[in-house]
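Chain by chain, the residues run as shown.
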Amino acid sequence: MTWNVATFSAINGLAAHTAWLNPVIAAFANWAGPVLLVLILGVAWWRNRDRYLAAVLTGVSAVVALGVNQLVAGLWFEQRPFVALHGVTMLLAHPADNSFPSDHAVIAGALAIGTLLFARRWGIVAVVVAVLLSVARVYAGMHYPLDVIVGLAIGAVVALVLVGVGTRLLSKVRLGVG
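Small disclaimer: the values here were computed from a predicted structure and weren't measured.

K.L.:
Is there a simple way to explain the side chain of Asp147 in this structure?
P.N.:
Note on placement: Asp147 falls in helix 7 (residues 145–175). Although Asp147 is buried, it forms no salt bridge, and the closest oppositely charged side chain is Arg80 at an N-O distance of 6.2 Å. The contact partners of Asp147, leaving out residues within four places of it in the chain, are Glu78, Ser99, Phe100, Pro101 and Ser102.

In structure tokens:
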């Protein structure tokens, strides 16, 4: 058994013993985690209104990262754990499509790192939420750990490029600095 499957089994195995927690984790893994990340981005922008360009580029980076993720997913197919393994506790109804990399983790990585680049305190909160969302996707039986790790990395890299570099370039253009 690989570390990926063993770690998945350990995390997802918790779902079989913590039924009282399952509805909360299922909601967080499905919609509440992503909504919370968008709200954190909104609050970070509100508290740092002069950084509107970085906030907008953070949102754009999530969309671009999702596109990059579709390209990666087209190159590498991984069956979802609930298809490939027996005894998986599934908390969400989901089609048996590609598991690698996780779309949720990609978006979470982009929103978290983008926010971190322009609002450090809120960005740290967003990073914690992104990691918890990713673990929740494994707990819910939707992804292997590697699916969410790579997803977070794709989102983070896209945000670093778009928010980090894009903010500097667009600010220079806006200010007429060449």
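From this point on, the discussion continues.
K.L.:
I would appreciate a short explanation of helix 3 (residues 52–75) in the present structure.
P.N.:
Quick reminder: α-helices carry 3.6 residues per turn. Residues three or four places apart thus point the same way. In this model, helix 3 (24 residues) spans 35 Å end to end at C-alpha, consistent with the 34 Å of a helix rising 1.5 Å per residue. Turning to helix 3, its buried residues number three or more, namely Leu53, Ala54, Ala55, Leu57, Thr58, Ser61, Ala62, Ala65, Asn69 and Ala73.

K.L.:
Would you explain the nonpolar core in this entry?
P.N.:
Here is a general trend for soluble globular proteins: nonpolar side chains tend to be buried in one another's company. If you look at the biggest cluster of nonpolar residues, it comprises 45 residues, and the most contacted ones within it are Leu37, Leu91, Leu92, Phe118 and Ala140. Those elements that place two or more of their residues in this core are helix 1 (3–17), helix 2 (22–47), helix 3, helix 5 (103–118), helix 6 (120–139) and helix 7. In contact with Ala140, other than residues within four places in its own chain, are Asn12, Ala29, Thr89, Met90, Leu91 and Leu92.

K.L.:
Is there a simple way to think about the environment of Met142 in this case?
P.N.:
Note that Met142 resides in the loop between helix 6 and helix 7. Note on Met142: relative accessible area 0%, which makes it buried. Along the chain, Met142 and Ala96 lie 46 residues apart, while their C-alpha atoms are 9.4 Å from each other. Non-local contacts of Met142, meaning those with residues more than four positions away in its chain, are made with Arg80, Pro81, Phe82, Met90, Leu92, His94, Ser99 and Arg137.

K.L.:
How should I be thinking about the packing of aromatic side chains in this particular structure?
P.N.:
Any aromatic ring pair is given by two values, namely how distant the centres are and how the planes are angled relative to each other. What the rule picks out here adds up to three aromatic pairs. The interplanar angle of 40° and the centroid separation of 5.4 Å between the aromatic rings of Trp76 and Phe100 together place this pair among those described as tilted. In this pair, Trp76 sits in the loop between helix 3 and helix 4 (81–84) while Phe100 sits in the loop between helix 4 and helix 5, placing the two residues 24 residues apart along the sequence. Judged by its relative accessible area of 10%, Phe100 is buried. Its end group placed over the ring of Trp46, Arg49 keeps NZ or CZ at 3.9 Å from the ring centre.

K.L.:
Quick question: what am I supposed to make of the packing of helix 3 against helix 5 here?
P.N.:
One can describe the packing of helix 3 onto helix 5 by two numbers: an axis separation of 8 Å at closest approach and a directional angle of 155°. Viewed along their axes, helix 3 and helix 5 adopt a mutual orientation that is roughly antiparallel. Crossing geometry of helix 3 relative to helix 5 is assigned as right-handed. Residues Ala54, Ala55, Thr58, Gly59, Ser61, Ala62, Ala65, Leu66, Asn69 and Gln70 of helix 3 lie in contact with helix 5, whose contacting residues are Asp103, Val106, Ile107, Ala110, Leu111, Gly114, Thr115 and Phe118. Classifying every residue of the contact of helix 3 with helix 5 gives 10 nonpolar, seven polar and one charged.

K.L.:
Just to check I follow, could you spell out helix 6 for this structure?
P.N.:
A rise of 1.5 Å per residue sets the reference length of helix 6, with its 20 residues, at 28 Å; its end C-alpha atoms lie 28 Å apart and thus fit the reference within 8%. Backbone geometry just after helix 6 places Gly141 at a positive phi near 90°.

K.L.:
Even after reading the chapter, I still don't get the side chain of Ser134, so can you show me in this structure?
P.N.:
Mapped onto the elements of the fold, Ser134 is located in helix 6. Classification of Ser134 by relative accessible area gives buried; the value is 2%. If we skip the residues at most four places from it in the chain, Ser134 touches Ala105, Val148 and Leu152.

Here is what the cut-offs are and how they apply
- Residues numbered from 1 in each chain as written.
- Predicted model: local features only at pLDDT ≥ 70, side-chain atom pairs only at ≥ 80, totals over all residues.
- Heavy atoms only, no water.
- Helix = DSSP H or I, 4+ residues; strand = E, 2+ residues; numbered from the N terminus.
- Buried < 20%, exposed > 50% of the residue type's maximum accessible area, 1.4 Å probe, protein only.
- Lys, Arg positive; Asp, Glu negative; His and termini not counted.
- Salt bridge = Lys/Arg side-chain N within 4 Å of Asp/Glu carboxyl O.
- Contact = heavy atoms within 4.5 Å.
- Expected span 1.5 Å × (residues − 1).
- Core = buried A, V, L, I, M, F, W, Y, C linked by side-chain atoms within 4.5 Å.
- Phe/Tyr/Trp six-rings, centres within 6.5 Å; stacked < 30°, edge-to-face > 60°.
- Lys NZ or Arg CZ within 6 Å of the ring centre and 35° of its normal.
- Axes fitted to C-alpha atoms, helices over the stretch in contact; angles between N-to-C directions.
- Parallel < 35°, antiparallel > 145°, perpendicular 65-115°, else oblique.
- Left-handed = near helix turned anticlockwise from the far one by under 90°.
- Nonpolar A, V, L, I, M, F, W, Y, C, P; charged D, E, K, R; others polar.

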